[in-house]
Structures are given as structure tokens and as C-alpha cells.
Amino acid sequence: MKKTFIASIFALTALGAVAHAEESTSCDVAKDKWMAEDALKAKLTGEGMEVRKIKVENGCYEVYGIDAKGGKVEALYNPETGEQAGTAGAD
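Taking an unreviewed UniProt entry as the reference, the chain is identified by name as PepSY domain-containing protein belonging to Ciceribacter ferrooxidans.

So, in C-alpha cells, the structure goes:
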């Protein structure tokens, strides 16, 4: 019983760390250096993604779409470079 309790505490701690990491992703880019949403959409479309929605979250572009393999995408992108900065949390 003691081992189960300790394992449960460890698992909850690990899940909390993952949630915190997801929440703390941010992009620190001056607004005048941001690429246009249309430019990011064109870049991702060129990489095979079907972009459904783009919004701003924690200074990053948050993109929702479908990848080339048909998988759901919820990711954060650096607004200056268009590179993926992390994964987005569920709405």
C-alpha cells in the first residue's frame, strides 16, 4: 500500500510538471518583427498542413489544423521565424 501511495504521488508530480511546461511556453518577440498570419499559414500549408485556425497565445501564434498524415495539430509557433515553439493546451 505504501508503494502504491508513493507511486501515485510521483505520477501526480510528473503530470504537474508537464502541465506547467505547456503553460510556460511563450515567445518573446517584438510585435513589429512578427510575420503575418497569412505568411505563417502559407509556410505551414507548404509543409503539408491544413491550417484551420490561428490565434495569439502567450506571445506565440497558436495553430490548429490537420497534418499531412491526417493527425490533429495544436501547436505554438514563434511569430518571427514560424518555427514550432511548443504544443498548445486543449481549449
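**Things to note about the state of the cysteines**
Applying the stated rule across the entire model yields 1 disulfide. In this model Cys-27 forms its disulfide with Cys-60; the gap between the sulfur atoms is 2.0 Å. Taking the torsion about the sulfur-sulfur bond, which here is approximately 100°, the covalent link between Cys-27 and Cys-60 counts as right-handed. Here the residue Cys-27 occupies a position in the loop between helix H1 (2-23) and helix H2 (37-46), and Cys-60 occupies one in strand S2 (residues 60-66), the gap between them amounting to 33 residues.

**Here's the deal with the pairing of strand S3 (residues 72-77)**
On a regular strand, one side chain projects to one face of the sheet and the next to the other, so that they alternate. Sheet topology places S2 next to S3; 6 bridges connect them, and they run antiparallel. Looking across to S3, one finds that Glu-62 is bridged to Leu-76. Direction of pairing for S3 relative to strand S4 (residues 84-87): antiparallel, over a ladder of 3 bridges. Looking at the pairing, Ala-75 lines up with Thr-87 of S4. Linking S3 back to S4 in an antiparallel pair, the connection comprises 6 residues, with Gly-82 at a positive phi of about 80°.

Rules used throughout
- Residues numbered from 1 in each chain as written.
- Predicted model: local features only at pLDDT ≥ 70, side-chain atom pairs only at ≥ 80, totals over all residues.
- Heavy atoms only, no water.
- Disulfide = S-S within 2.5 Å.
- Helix = DSSP H or I, 4+ residues; strand = E, 2+ residues; numbered from the N terminus.
- Pairing = 2+ DSSP bridges.

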